[in-house]
Amino acid sequence: MLTAKELVSKVEAYHPTADLESIRRAYTFAKTAHDGQMRKSGEPYFTHPLNVASIITELRLDGASVCAALLHDVVEDTDVTSADLEGEFGSEISFLVDGVTKLSKIDFTSRQDRQAESFRKMVVAMARDIRVLVVKLCDRLDNMRTLKHMSEEGQERIAGETMDIYAPLANRLGIARFKEEFQDLALKYLHPEAYSETARRVAATAPARDAHIQEVCRLLANKLARQGFAAKVSGRAKHLHSIYRKMHDRHCEFDQVYDVTAFRVLVESVADCYAALGVVHSMWTPVPGRFKDYVALPKPNMYQALHTTVFGPGKQRIEIQIRTHEMHHVAERGIAAHWRYKASGSGGLDPKDAAQFAWLRQLMESQTELKDPAEFLESVKVDLFQDEVYVFTPKGEVRAFPRGATPIDFAYAIHTELGNHCSGARVNSAVVPFSYRLHNGDLVEVLTNPAQRPYKEWLDWTVTSRARSRIRSHLRQLQRDKSLKLGRELLEKNAAAADISLARLKKNAEQLETLVSRFGVRSFDDLCVNIGYGKLKANVVIDYLAPGAKQDKTPPPPAIRQGRIEAFVRRVTGRNSHGILLNGVDDVLVRYTKCCNPLPGDEIVGFMTRGRGITVHRRECQKAFEADPVRRVAISWDPKAKINRPVKVTVITANRPGILATVGHTFHELGINITEATCRAGDDGRATNIFTFMCRDLGQLKGVVRHLQKIEGVVEVDRV
């Protein structure tokens with residue numbers, strides 16, 4: 001364990017003017033506060049904040065960041081309050097700690113709500129001071145390094161969150177080594193068999209690969225030296241997740257991944273970058289379409305380099321990155337390489353550098369506009385998507401979009417009204433469909449029509465959270481308008497039968513306020529909307545307004561009658577065929593959606609549907625985001641119910657004799673009957689097999705997936 005003296009020496013080595021006394025006090029304060037607390041590994045808990053502080057010093061950040069790292073868990077895990085911290089260490093350090101602290105003491109309806117709200121809080125804080133995010137990344141890195149001590153469920157959850165959010169965040173900040181370590185560690189727990197097999201293959205081929213790296217470095221360094229370049233050449237094997245992703249994306253075996261090594265050339269100036277590129281291409285034939293100029297067009301995270309892939313010695317593909325020493329400094333440390341030691345509260349960034357982080361403003365917009373936690377988290381994952389394309393506006397401005405973005409995404413990125421009235425687009429002067437995927441260098445022009453409005457199909461052609469949230473907002477408003485009209489009609493009909501004047505009611509402000517307050521809504525329109533959605537019955541409102549009044553006894557529609565019959569049958573037989581609880585009650589009409597096919601164990605969300613009861617979605621289902629949050633109801637699985645639900649898995653295998661029989665035998669050994677199977681062999685030596693079977697819960701499904709992944713020749717197993 002680092003001593004306070006050793007930690008202070010680390011900071012003093014790169015920042016002699018830092019407030020070293022505050023670091024000493026923070027060390028003692030945190031150690032005392034966490035005294036007696038232990039980690040799941042059995043170590044004293046204080047080792048965690050100390051490790052985080054040590055990682056902060058590797059990034060060479062200021063003293064306040066080191067103090068925040070030491071203190072980041074004291075408010076969450078001890079009796080220390082934010083006020084105590086501010087009194088002891090001042091507002092700057094207190095703010096940084098508060099921004100990192102999770103909202104663990106607030107009661108949320110689900111773990112996902114808690115995760116979203118914690119991240120929402122961090123977004124607000126890091127928009128004011130980016131150091132909040134840097135400390136959080138260091139915190140997560142140490143947690144990932146010690147994840148083996150967590151339960152299997154905890155490992156999967158934390159690793160998934162790291163892969164979806166924290167690895168992309170590290171990439172956005174340009175801290176490449178954090179991103180790579182996050183991805184490798186997450187892969188270890190999300191796909192342990194694939195991780196072990198990839199690691200074994202990499203280790204087995206290490207001697208030949210090391211010899212190849214030395215040979216390429218020698219040839220390239222000698223050639224550059226003869227041309228008068230003061231260049232430093234190095235090579236390395238790509239990290240495990242990068243290799244795994246290539247195998248996954250290309251549907252190939254390890255032996256078929258040829259570009260598993262990357263080479264780096266460091267030169268003195270930008271001019272030397274381009275000149276060195278000419279030398280490389282004169283030595284070896286470049287692979288067409290694999291050259292990228294991030295020097296002239298830097299990535300949003302300030303990364304700069306020239307990337308090229310060539311056919312090197314032995315006609316093997318090799319990737320070469322050419323950059324200056326300053327560019328390399330930025331690539332390794334990201335935003336920390338642009339740090340300036342300034343006055344407190346400045347965030348430590350030069351305004352010119354901070355302006356590069358437009359994505360942070362987009363996250364701020366999302367957290368303000370999207371009130372639904374699941375939709376907010378979805379938008380975060382999209383906005384942090386790593387692979388980007390760069391396109392031009394008609395004025396020559398460069399815009400970055402996630403790969404797969406379309407002209408609709410482009411239109412909404414410029415302005416909401418432009419998106420809402422987008423009727424077409426020209427790309428490079430040619431008219432293209434809405435489904436056109438933008439490519440690097442495209443010049444995009446949006447065509448508009450005042451009568452044009454967003455359609456539901458647009459959601460299939462958009463990837464950015466801004467576009468999707470605007471389209472969903474428009475569709476929800478249409479849905480709300482229809483429900484408002486239906487709710488008014490139902491309420492007016494029941495009121496007329498009870499001889500109640502709604503017009504007179506709406507003129508009586510006091511009575512109207514009492515009514516909306518009674519039913520937990522903000523306005524009379526909201527009351528009608530809830531009636532239109534089916535969340536509230538019109539006769540219940542009339543009974544409240546005029547108890548005992550005679551109302552219209554018109555028979556309910558057939559769908560509602562059917563629902564009542566089903567409910568009656570369940571009450572008489574004592575049988576609950578759905579396994580869903582609404583407010584603890586199991587006597588509810590339920591419809592499972594086919595879009596996401598939820599299983600017991602999945603986090604679920606319900607939506608009221610007039611005449612069809614509650615529609616059940618998995619919480620992360622894309623279709624669920626399209627429904628109006630007003631219709632949402634909190635539901636849960638009934639732990640007493642025995643349910644078997646159909647589920648589909650896709651199993652991609654090598655196309656060889658006997659593999660299908662082995663897969664089928666694995667299902668048989670697990671006691672699972674396959675109800676449907678579709679098998680198709682491809683031209684790439686692979687076979688895609690889709691199996692449908694009955695499954696009792698998520699735990700059983702995970703067990704099936706694990707057993708299938710262990711079969712030799714099985715490349716990938718995914719839930720459909």
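The shown structure was predicted, so the numbers you read here are calculated from the model rather than taken from an experiment.

Some details on the overall build of the protein
Turning to step 1, where the next piece is worked out: When its secondary structure is counted, the protein shows 30 helices and 21 strands.
Turning to step 2, where the next piece is worked out: Scored against the burial criterion, the 720 residues of the protein give a buried share of 50%.
Turning to step 3, where the next piece is worked out: Intrachain contacts of the protein at a sequence separation of at least 6 include 66% that bridge at least 24 residues.
Turning to step 4, where the next piece is worked out: If you sum the accessible surface of the protein, you get close to 34300 Å²; carbon and sulfur atoms cover 52% of it.

Quick word on the sheet that holds strand S9 (residues 422-427)
Turning to step 1, where the next piece is worked out: The 3 strands are arranged S10-S9-S11 in an open sheet whose pairing can be described as antiparallel. A single partner strand is all that each edge strand has here, and the edge strands are strand S10 (430-432) and strand S11 (444-448). Geometrically, the sheet is characterised by an average inter-axis angle of 35° between neighbouring strands, direction not taken into account.
Turning to step 2, where the next piece is worked out: In this fold helix H20 (residues 407-414) packs onto S9, S10 and S11, with an angle of close to 80° to the strand it touches most, S11.

Regarding the pattern of salt bridges
Turning to step 1, where the next piece is worked out: Per the stated rule, a full pass over the model turns up 23 salt bridges.
Turning to step 2, where the next piece is worked out: Among the ionic pairs, glutamate 152 bridges to arginine 706, the shortest N-O distance being 2.9 Å. Separated by 554 residues along the polypeptide, glutamate 152 in helix H10 (residues 152-172) and arginine 706 in helix H30 (residues 698-709) bring together distant segments of the chain.
Turning to step 3, where the next piece is worked out: Residue class for arginine 706 comes out partly exposed when judged on its relative accessible area of 30%.
Turning to step 4, where the next piece is worked out: Sharing partners across several salt bridges, the network here consists of Asp62, Glu92 and Arg131.

Quick word on the packing of helix H2 (residues 20-33) against helix H6 (residues 82-89)
Turning to step 1, where the next piece is worked out: Remark: H2 packs on H6, axes separated minimally by 11 Å, with the N-to-C direction vectors making an angle of 145°. Between H2 and H6 lies a crossing of right-handed hand. Along its contact with H2, which presents Ser22, Arg25, Ala26 and Phe29, the element H6 presents Leu85, Glu88 and Phe89.

So, the environment of methionine 283
Turning to step 1, where the next piece is worked out: Examined against the element boundaries, methionine 283 turns out to sit in helix H15 (residues 270-283).
Turning to step 2, where the next piece is worked out: When the C-alpha atoms of methionine 283 and valine 310 are compared, they prove to be 9.2 Å apart, with 27 residues separating the residues in sequence.

Observations concerning the confidence of the model for the protein
Turning to step 1, where the next piece is worked out: The predicted model of the protein has a mean per-residue pLDDT of 82, with 83% of residues at 70 or higher.
Turning to step 2, where the next piece is worked out: For the stretch residues 103-109, pLDDT sits under 50, and the model shows 14 contacts to residues farther than four places along the chain or on other chains.
Turning to step 3, where the next piece is worked out: Within the model, pLDDT remains below 50 along residues 341-347, and this stretch shows 15 contacts once partners closer than five positions in the same chain are excluded.

Structural notes on the environment of threonine 406
Turning to step 1, where the next piece is worked out: Locating threonine 406 in the fold gives a position in the loop between strand S8 (398-402) and H20.
Turning to step 2, where the next piece is worked out: Residue threonine 406 is classed as buried on the basis of its relative accessible area, which comes to 0%.
Turning to step 3, where the next piece is worked out: Each C-alpha atom, one on threonine 406 and one on leucine 438, is 5.5 Å from the other, the two residues being 32 residues apart in sequence.
Turning to step 4, where the next piece is worked out: Ignoring any residue separated from it by four or fewer positions in sequence, one finds threonine 406 in contact with Phe434, Ser435, Tyr436, Arg437, Leu438, Trp461 and Thr462.

Let's talk about the layout of surface pockets
Turning to step 1, where the next piece is worked out: Taken as a whole, the second largest pocket encloses approximately 1300 Å³ of empty space.
Turning to step 2, where the next piece is worked out: Forming the boundary of the second largest pocket are 40 residues, of which Lys179, Arg245, Lys299, His307 and Glu319 lie nearest the centre.

Considerations on the pairing of strand S2 (residues 261-267)
Turning to step 1, where the next piece is worked out: Counting buried positions along S2 yields 7 of 7 residues, so the element is predominantly enclosed.
Turning to step 2, where the next piece is worked out: Both faces of S2 are covered, namely the face carrying Thr261, Phe263, Val265 and Val267 and the face carrying Ala262, Arg264 and Leu266.
Turning to step 3, where the next piece is worked out: By the bridge criterion, 6 bridges tie strand S1 (residues 232-237) to S2 in an arrangement that is antiparallel. The partner of valine 233 across the bridge, within S2, is valine 265.
Turning to step 4, where the next piece is worked out: Across 6 bridges, S2 lies against strand S6 (residues 317-324) in parallel orientation. For leucine 266, the partnering residue across the bridge sits in S6 and is arginine 323.

Thoughts on the sheet that holds strand S15 (residues 613-618)
Turning to step 1, where the next piece is worked out: Spatially, 4 strands are ordered S13-S15-S14-S16 in an open sheet, and the strand pairing comes out mixed. Across the chains shown, the open sheet's two edge strands, defined by having one partner strand only, are strand S13 (590-592) and strand S16 (632-633).
Turning to step 2, where the next piece is worked out: With 2 bridges joining them, strand S14 (residues 604-609) and S16 adopt antiparallel strand pairing. Counterpart to phenylalanine 607 in the pairing with S16 is arginine 632.

Let's talk about the pairing of strand S19 (residues 674-681)
Turning to step 1, where the next piece is worked out: Bridge count between S19 and strand S20 (residues 686-695): 7 bridges; the pairing is antiparallel. Bridge pairing in S20 places arginine 680 opposite threonine 688.
Turning to step 2, where the next piece is worked out: Between S19 and S20, which pair antiparallel one after the other, the connecting turn spans 4 residues, and glycine 685 there sits at a positive phi close to 80°.

Some details on unusual backbone geometry
Turning to step 1, where the next piece is worked out: Non-glycine residue lysine 315 carries a positive phi angle of around 60°.
Turning to step 2, where the next piece is worked out: Within the secondary structure layout, lysine 315 lies in the loop between strand S5 (306-311) and S6.
Turning to step 3, where the next piece is worked out: One non-glycine residue, asparagine 597, lies in positive phi territory at about 50°.
Turning to step 4, where the next piece is worked out: Here asparagine 597 falls in the buried class, since its relative accessible area comes to 17%.

Describing the side chain of histidine 48
Turning to step 1, where the next piece is worked out: Mapped onto the fold, histidine 48 is located in helix H3 (residues 47-58).
Turning to step 2, where the next piece is worked out: For histidine 48, a relative accessible area of 1% corresponds to the buried category.
Turning to step 3, where the next piece is worked out: Non-local contacts of histidine 48, meaning those with residues more than four positions away in its chain, are made with Arg39, His72, Asp73, Asp139, Asp142 and Asn143.

A word on the packing of aromatic side chains
Turning to step 1, where the next piece is worked out: The tally for this structure, following the rule as stated, stands at 11 aromatic pairs.
Turning to step 2, where the next piece is worked out: With centroids separated by 6.1 Å and ring planes inclined at 15°, the aromatic side chains of tyrosine 592 and tryptophan 637 adopt a geometry described as stacked. In this pair, tyrosine 592 is assigned in strand S13 and tryptophan 637 in strand S17 (residues 635-637), connecting sequence segments 45 residues apart. Here the two residues tyrosine 592 and tryptophan 637 agree in accessibility, since each one is buried.
Turning to step 3, where the next piece is worked out: With a centroid separation of 5.3 Å and 50° between ring planes, the pair formed by phenylalanine 667 and phenylalanine 691 is classed as tilted. With phenylalanine 667 in helix H29 (residues 659-669) and phenylalanine 691 in strand S20, this residue pair connects regions lying 24 residues apart in the sequence. When sorted by exposure, phenylalanine 667 lands in the same class as phenylalanine 691, which is buried.
Turning to step 4, where the next piece is worked out: A cation over a ring is seen here: arginine 645 above tyrosine 592, with NZ or CZ 3.9 Å from the ring centre.

Topic: H15
Turning to step 1, where the next piece is worked out: Under the 1.5 Å per step criterion, the end-to-end length of H15 is 21 Å for 14 residues, consistent within 8% with the ideal 20 Å.
Turning to step 2, where the next piece is worked out: Taken residue by residue, H15 has Cys273, Ala276, Leu277, Val279 and Val280 as its buried positions. Summarising the axial view, the buried residues of H15 lie within an arc of 160°, below the 170-degree limit, and thus occupy one face. Away from the buried face of H15 by more than 90 degrees, exposed residues Ala271 and Ser282 are located.
Turning to step 3, where the next piece is worked out: Where the residues of H15 are buried, they touch helix H13 (206-226), S2, S5 and S6.

Some points on the side chain of threonine 324
Turning to step 1, where the next piece is worked out: Inspection of the secondary structure puts threonine 324 in strand S6.
Turning to step 2, where the next piece is worked out: A polar contact is formed between the side chain of threonine 324 and the backbone nitrogen of methionine 327, at a distance of 3.1 Å.
Turning to step 3, where the next piece is worked out: Ignoring any residue separated from it by four or fewer positions in sequence, one finds threonine 324 in contact with Leu266, Val267, Glu268, Ser269, Val270 and Cys273.

Parameters and conventions
Residues numbered from 1 in each chain as written. Predicted model: local features only at pLDDT ≥ 70, side-chain atom pairs only at ≥ 80, totals over all residues. Heavy atoms only, no water. Helix = DSSP H or I, 4+ residues; strand = E, 2+ residues; numbered from the N terminus. Buried < 20%, exposed > 50% of the residue type's maximum accessible area, 1.4 Å probe, protein only. Contact = heavy atoms within 4.5 Å. Areas by Shrake-Rupley, 256 points an atom, 1.4 Å probe, with all protein chains shown as cover. Pairing = 2+ DSSP bridges. Axes fitted to C-alpha atoms, helices over the stretch in contact; angles between N-to-C directions. Salt bridge = Lys/Arg side-chain N within 4 Å of Asp/Glu carboxyl O. Left-handed = near helix turned anticlockwise from the far one by under 90°. pLDDT = per-residue confidence, 0-100. 1 Å grid on protein atoms, 1.4 Å probe; cavity = no way out; pocket = protein on both sides within 12 Å on 5 of 7 lines; lining within 4 Å. Points joined across faces, edges and corners; volume = space filled by probe spheres on them. Phe/Tyr/Trp six-rings, centres within 6.5 Å; stacked < 30°, edge-to-face > 60°. Lys NZ or Arg CZ within 6 Å of the ring centre and 35° of its normal. Expected span 1.5 Å × (residues − 1). Arc of directions from axis to C-beta. Polar contact = N/O pair within 3.5 Å; in protein donor to acceptor, adjacent residues only side chain to side chain.

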